[in-house]
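Here are the chains, one letter per residue:
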Amino acid sequence: VERQEVRETSGGVFTADDVLSQIDVSRGICAVLGDSLAQLSLSLAKQSELVIYVQLENDADVLAARQAVDAAGFYGTRIYVEKGRADRIHLADNIADALIAANGALVNENEALRVLRPEGKAIIGNQELVKPFPAGADDWSHPYHGPDNNTQSKDAIVKAPYLTQFFAEPYYAPVTQVTVAAAGRVFKGFGNVAFHEREEPFLNQLVAFNGYNGTMLWKRDLTPGIMLHRNTMIATPDILYWADDKSCKMLSTKTGDLVDEIIPPVEKAGGTFWKWMGMENDLLVALIGEQEEKDPVMRWKRQQHGWPWTAISDGFNKEEHS
């Protein structure tokens, strides 16, 4: 476990600015223990997009905190307050992005590390603890796990019996879809066909999620109408490679910002449309060529349950694909 001294705070009291600077996350789940009047939790909710779980040891503090949070309009939506001793935090394993022991709350380090996701941070007293990634965790870097298309994970940690870790939106999303994951982040590309209105907000979107609690981290627009069912997305811990009809974008996995772009000369690549790519030992191999037909964006607005497999869209149902 990585340990660091916490920066000196004003009068030994944490402020929301101190905490947000220290934990380096503004979206996700933050556990706060010992915040008897929920003052820190309310400030964090106002200055970030965090969902905050407050745990207090006695009934009077729980009631006071709930009333304060409810009066501010955050109760049951952004802030949740429960009763419990600090030696047993009422959260699942590996789910919190951060944990704060406020007002000198005595928190068991092992219990704090249990609820933190890998690379999550706990501030306890004058120490910052960072939970490491466990040995044996595997990434899913390509749509079919690796460049060899062998869809067998090498993960040595997740074993039966399997349990649901979280529910998170979107519960419904457009087709087609493609997914990769690395270092605890999951990246999903959503295509150009929405059968119901509920799916339309994610048409032609590239979205990053926290793989431990489902928090949406960022999203970007995609070129509309490209068939996504292909290997043109590769996840690494720091860079997400996303290729389309013009180039291969190198995106920050943390923010989604464009870091760099790979654009080979057309006379050598035979075109600008990236059709397949794979990476092994830091070597990127790609198949690039002429443009392909774009498929129209489809907003079916169906009222029936389910979805059809016929007449999905013009491009999807062609007998010969470009």
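Quick caveat: nothing in here was measured; it's all calculated off a predicted structure. (Residues numbered from 1 in each chain as written. Predicted model: local features only at pLDDT ≥ 70, side-chain atom pairs only at ≥ 80, totals over all residues. Heavy atoms only, no water.)

## A few points about the environment of Leu106
On the secondary structure map, Leu106 appears in the loop between β5 (96-101) and α4 (109-115). The exposure class of Leu106 is exposed, given its relative accessible area of 75%. (Helix = DSSP H or I, 4+ residues; strand = E, 2+ residues; numbered from the N terminus. Buried < 20%, exposed > 50% of the residue type's maximum accessible area, 1.4 Å probe, protein only.)

## Digging into the packing of helix α1 (residues 16-23) against helix α2 (residues 39-47)
The N-to-C vectors of α1 and α2 enclose an angle of 65°; their axes lie 9 Å apart at closest approach. Where α1 crosses over α2, the two elements pack in a sense that is right-handed. Facing α1, whose interface residues are Ala16, Asp17, Val19 and Leu20, α2 presents Leu40, Ser43, Leu44 and Gln47. When grouped by side-chain class, the residues that make up the contact of α1 with α2 number 5 nonpolar, 2 polar and 1 charged. (Axes fitted to C-alpha atoms, helices over the stretch in contact; angles between N-to-C directions. Left-handed = near helix turned anticlockwise from the far one by under 90°. Contact = heavy atoms within 4.5 Å. Nonpolar A, V, L, I, M, F, W, Y, C, P; charged D, E, K, R; others polar.)

## Examining unusual backbone geometry
Following Ala160, the chain continues into Pro161 via a peptide bond in cis, with omega recorded as 0°. Of the consecutive residues Glu169 and Pro170, the connecting peptide bond is found in the cis state with omega at 5°. Relative to the assigned elements, Pro170 resides in the loop between β7 (127-130) and β8 (175-182).

## A look at a nonpolar patch on the surface
A contiguous nonpolar surface patch, about 340 Å² in accessible area, is contributed by Ile157, Val158 and Tyr162. Looking at the element boundaries, Ile157 is found in the loop between β7 and β8. (Patch = residues over 30% accessible without salt bridge, like charges linked within 9 Å, V, L, I, M, F, W, Y side chains within 5 Å. Areas by Shrake-Rupley, 256 points an atom, 1.4 Å probe, with all protein chains shown as cover. Salt bridge = Lys/Arg side-chain N within 4 Å of Asp/Glu carboxyl O.)

## Considerations on the sheet that holds strand β13 (residues 239-243)
Read from one edge of the open sheet, 4 strands run β12-β13-β14-β15, paired in antiparallel fashion. Looking at strand neighbours, the two that pair on one side only are β12 (233-235) and β15 (258-262), the edges of this open sheet. When strand polarity is set aside, the average angle formed by the axes of neighbouring strands in this sheet is 15°. Examined bridge by bridge, β13 and strand β14 (residues 248-252) share 5 bridges and lie antiparallel to one another. Paired with Ile239 across the bridge in β14 is Ser252. (Pairing = 2+ DSSP bridges.)

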